[in-house]
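Per-entry structural report
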Amino acid sequence: MTVPTYPVESAPSPASSAARAQLLHGGSVEQYRRTIADGVERVARRVATVDRPGTGVTPAELAPLVDRVDLDRPLGDAGAALDELENVYLRDAVWFHHPRYLAHLNCPVAIPALLGEAVLTAVNSSLDTWDQSAGATLIERRLIDWTAERIGLGPSADGVFTSGGSQSNLQALLLAREEACADAVGPAARAELLPRLRVLTSTAGHFSVQKSAKLLGLAPDAVLAVPTDARRRIDPDAVRAEIVRCRQAGLVVMAVVGTAGTTDFGSIDPLADLAGICAAAGVWLHVDAAYGCGLLVSPTRRHLLDGIERADSVTVDFHKSFFQPVSSSALVVRDRRALRHATYHADYLNPARMVEQRIPNQVDKSLQTTRRFDALKLWLTLRVMGPDALGTLFDDVVDRAADAWRAVSQDPRFEVVTRSELSTVVFRYLPTGPDRELADAANLHAREALAASGLAAVAGTRVDGRHFLKFTLLNPATTVDDVGFVLDLVATHAGRYVHDHTAALTCPVG
Ligand SMILES: *Cc1c(COP(=O)(O)O)cnc(C)c1O
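So, a few notes on the structure that sits alongside this text. Once a new chain begins, its residue numbering starts again from 1 and follows that chain's sequence as written. Totals for whole chains, interfaces and linings use every residue, but because this is a predicted model, local features are given only for residues with pLDDT of at least 70 and side-chain atom pairs only at 80 or more, for both listing and counting. Here the side-chain values reflect all heavy atoms present in the structure, with hydrogen atoms and water set aside.

Okay, the overall build of the chain next. Of the regular secondary structure elements, the chain holds 17 helices and 12 strands. Radius of gyration here is computed from C-alpha atoms only, and the compact-globule reference equals 2.2 Å multiplied by the residue count raised to the power 0.38. Relative to its length of 510 residues, the chain is compact, with a C-alpha radius of gyration of 26 Å against a globular reference of 24 Å. Projected onto its principal axes, the C-alpha coordinates of the chain cover approximately 105 × 65 × 45 Å. Three exposure classes are used, based on accessible area relative to the maximum for each residue type with a 1.4 Å probe and protein chains only: buried under 20%, partly exposed in between, and exposed over 50%. Counting only residues that meet the buried cut, the chain has 49% of its 510 residues in that class. Surface exposure here means Shrake-Rupley accessible area, sampled with a 1.4 Å probe, where a residue is shielded only by the protein chains that are shown. Counting only carbon and sulfur atoms, one obtains 57% of the accessible surface of the chain, whose full area is about 24,900 Å². Of the charged side chains in the chain, 52 are positive and 60 negative; the average position of the first set lies 2 Å away from that of the second. A run of H or I in DSSP counts as a helix once it spans at least four residues, and a run of E counts as a strand once it spans at least two, with each numbered from the N terminus. In this count, Lys and Arg are taken as positive residues and Asp and Glu as negative ones, while His and the chain termini are left out. Charged groups are reduced to one reference atom each: NZ for lysine, CZ for arginine, CG for aspartic acid, CD for glutamic acid.

So, about the nonpolar core. Generally speaking, soluble globular proteins have nonpolar side chains that are buried together. One finds V239, V256, V287 and F394 to be the most contacted residues of the largest nonpolar core, which totals 63 residues. An automatic or database domain assignment supplies the residue ranges for each domain. Three or more residues apiece are contributed to this core by two domains, here domain 2 (114-385) and domain 3 (393-506). In this structure, A176, L218, A255 and L331 belong to the second largest nonpolar core, which totals 27 residues. Among buried residues, those of type Ala, Val, Leu, Ile, Met, Phe, Trp, Tyr and Cys that are joined through side-chain atoms within 4.5 Å constitute a nonpolar core.

This part is about the sheet that holds strand β1 (residues 101-102). Strand pairing requires that DSSP identify at least two bridges connecting the strands. An order of β1-β11-β12-β10-β9 is seen for the five strands of this open sheet, with the pairing classed as mixed. Of all strands in the sheet, those with a lone pairing partner are β1 and β9 (414-416), marking the two edges. Judged from the five bridges that link them, strand β11 (residues 457-463) and strand β12 (residues 466-472) form a sheet pairing that is antiparallel. When the bridges of β12 are listed, A459 appears paired with K470. Any two residues whose heavy atoms approach within 4.5 Å are treated as being in contact. Lines fitted to C-alpha atoms define the axes, with helix axes restricted to the stretch in contact, and inter-axis angles between N-to-C directions lie between 0 and 180 degrees. Contacts from helix α15 (residues 387-409) reach β9 and β10 (424-429) within the one sheet, and its direction differs from that of β10 by about 20°. Across the sheet, helix α16 (residues 439-453) lies against β10, β11 and β12, angled at about 35° from β12, the strand it touches most.

We now examine the pattern of salt bridges. Salt bridges are defined by distance alone: a side-chain nitrogen of Lys or Arg within 4 Å of a carboxyl oxygen of Asp or Glu. Summed over all chains, the structure comprises 34 salt bridges. Between D92 and R91 there is a salt bridge, with its nearest N and O atoms 3.2 Å apart. For D92, a relative accessible area of 13% corresponds to the buried category. On the basis of relative accessible area, R91 is assigned to the partly exposed category, the value being 33%. Here R245 and E242 are joined by a salt bridge, their closest N and O atoms 2.8 Å apart. With R245 and E242 both in helix α10 (residues 236-248) and three residues apart, the pair spans about one turn of that helix. The class of R245 is partly exposed, set by a relative accessible area of 39%.

Rendered as structure tokens:
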């Protein structure tokens, strides 16, 4: 037998050699070290010197700088690209670590998690199968088990990391829909049932529930918003009544979504009551703890989640109250068998025989295929800091929000909505007398003026049809003085608006 001869391979072209030097491999580690260190250094310098959460840059100012970049003409050098990046991004970025960033559910990030991010992107494991991840699959599984144990879901629990709370909620409702359709055998029965499925959540629930319903092919009016009490917690009696009403109307409640930490009010639905109602009615209980999951590690407030252990599925967003960088979220379920609704087999990837061979894979449980090893960030955070340290940080921001609520509620310039169980404060500047009708416009103006100055970032929302402002505190470095400083800024901007517009009404022009 003759051995085949292969053609002699020519040396790579200079262009190819140069391009290969930009790929991470054994021969390019110096380049890797220098490039990453340079990037870290730039960010470190920025973080050390920013004196406000943003610059107030407008899209009109920034868009031309981004548009001007010629993506077909490379700079050839990471240093030059970083110089350019200062201009188009870093200089005007929004900095969540700044103590006067009080807007959305964005946290300062734990350094061990940043280490995890650096490692996971360089190694670039993919969490779909064992043969693309090896130990990464086991690490993700340990963290899911750890989370399920913190929740108290019992020995059959399982789950998977996801890209965020929206995806976790989508997957939970997919599982709930499939469980509700279990007896609808055949396409005709299923087609008849689908438009009759309903999901109950509170008026303060997250909009991803509605988006999920749409993606899942439910009826346009499938999500029923149940009223809340004054503290913005779902009214369990109303849930009970709604389930009865649906049944009488020939509708099928496929899930109740309780929220453990509503995005605006930080309110926690009465989870134990919901669990009792759902158990009695045979309805899937999903708990959206995207925000409130930090309580799982709180040394003092874990009891606020009592009842969560009776949920069928739970959403946790580590990138909100566990101080993890985006993305890091998980869906955890009480009964691992429910995850089969997300399982499909591909011959090239996860043939069914792998199950028999007991080769672990995560793709059988996930809506994604190729998937980041986000779990590594939480792993390193727990291994360096531990859960109590994370929980203490979350406790700090909840304490600070209570201080802020007290300050605002005692301040005659403002009106405040309910006291949050977590770390938001919803309030508004309240002009006196006949100027009160300017309240909506004044608060909108104050928020915009604040954003334009970059001195502080606050969010806005609507409560009962009126414009309010919102602090979301997730930074333990935010002090009561920072809150007072921002309140003064709000009052100044809103007061000026009221002053100008009252004057415009009372002084005839000319
Ligand atoms: C933020 C949030 C979500 C969505 O999570 P993402 O990670 O932003 O997709 C869902 N539910 C609640 C209550 C949230 O606060």
